[in-house]
Amino acid sequence: MNSPTSLASELMAQLQGAPLQQMAQQLGTSTSQTETAVSAALPLLLGSLGRNAAQPQGAMDLFGALQRNHSGGADLGGLLGSLLGGGASSSSAGGGQLDGAAILGHIFGGNQQRAEAGLGQATGLGANAGQLLQMLAPIVMSFLAQRMNAGGMDAGSLGQVLNQEKERAQQQGGLGGGLLGSLLDQDGDGQVGLSDLLKIGGGLLGGRR
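This section reports on the structure supplied with the text.

Rules used throughout
Residues numbered from 1 in each chain as written. Predicted model: local features only at pLDDT ≥ 70, side-chain atom pairs only at ≥ 80, totals over all residues. Heavy atoms only, no water. Helix = DSSP H or I, 4+ residues; strand = E, 2+ residues; numbered from the N terminus. Buried < 20%, exposed > 50% of the residue type's maximum accessible area, 1.4 Å probe, protein only. Contact = heavy atoms within 4.5 Å. Areas by Shrake-Rupley, 256 points an atom, 1.4 Å probe, with all protein chains shown as cover. Salt bridge = Lys/Arg side-chain N within 4 Å of Asp/Glu carboxyl O. Core = buried A, V, L, I, M, F, W, Y, C linked by side-chain atoms within 4.5 Å. Arc of directions from axis to C-beta.

This part covers the overall build of the chain. On a plain count of helices and strands, the chain comes out with 11 helices and zero strands. Going residue by residue from the N terminus, the α and β elements of the chain occur as α-α-α-α-α-α-α-α-α-α-α. Within the span of the chain, comprising 209 residues, buried residues form 48% of the whole. Pairs at least 24 apart in sequence give 73% of the contacts found in the chain among residues at least 6 apart. Carbon and sulfur atoms make up 49% of the accessible area of the chain, which totals about 9,200 Å².

Written as structure tokens, this is what we have:
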């Protein structure tokens, strides 16, 4: 079931041009620096989702969240327009509020600050890295919802696809893969063990009752 292109590179291709320029304007950075940062942030976000979806409950939680909040029918272009056109966090995709900060909390759990700091240091974005991740989080979720609906995925196949994405990011290395690897390896021992996974946090939507 290996797809020839990664989800990260597929989404990156959709962000070329105006979306990247608008992100750069909002961040006050150059388009080339923004492009570098986005290309590192996408594997980080998707790989972290892959880690969360590795457990059946995590995959079910993510599947439910995508169905509930991100499949309102807005295409990616419409979402980008509302997000980058200064439409704050409310979505035009009837239904859930696309709140980047809240989504990031679910994706990274207690590791959010580490993820933001690592991305900021690696790309030179500094404190702007958090803002960039908040912009990208709802875009990534909307993209996944589209893929899920188009591919007729269930929670299990969604988890499989995201796990492949995580492994691919770590194998390919680069900025995003390196950041993802350091985030997953909390002990610094080069291996992601059970203790690392427990530290990373309990489930994608932990805390929801």
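Next up on the list: the pattern of salt bridges. If you walk through the whole model with that rule in mind, you get two salt bridges. The closest approach of N and O atoms between Glu 10 and Arg 147, which form a salt bridge, is 2.8 Å. With Glu 10 in helix α1 (residues 7-15) and Arg 147 in helix α8 (residues 128-151), the pair connects residues that are 137 residues apart, well separated along the chain. The exposure class assigned to Arg 147 is partly exposed, which follows from its relative accessible area of 25%. The salt bridge involving Glu 165 is made with Arg 168; its shortest N-O contact spans 3.5 Å.

Before going further, it helps to spend a moment on the nonpolar core. Leu 15, Val 38, Leu 42, Phe 108, Leu 132, Leu 136 and Leu 162 are the most contacted members of the largest nonpolar core, which has 55 residues in total. No other element matches the 13 residues that α8 contributes to this core. Those residues in contact with Leu 136 that sit more than four places away from it in its chain are Leu 15, Met 23, Val 38, Ala 41, Leu 42 and Leu 45.

Below, the discussion takes up helix α10 (residues 174-184). Burial in α10 covers these residues: Gly 176, Gly 177, Leu 179, Leu 180, Leu 183 and Leu 184. For α10, the buried positions fall inside an angular range of 165° around the axis, keeping them on one side.

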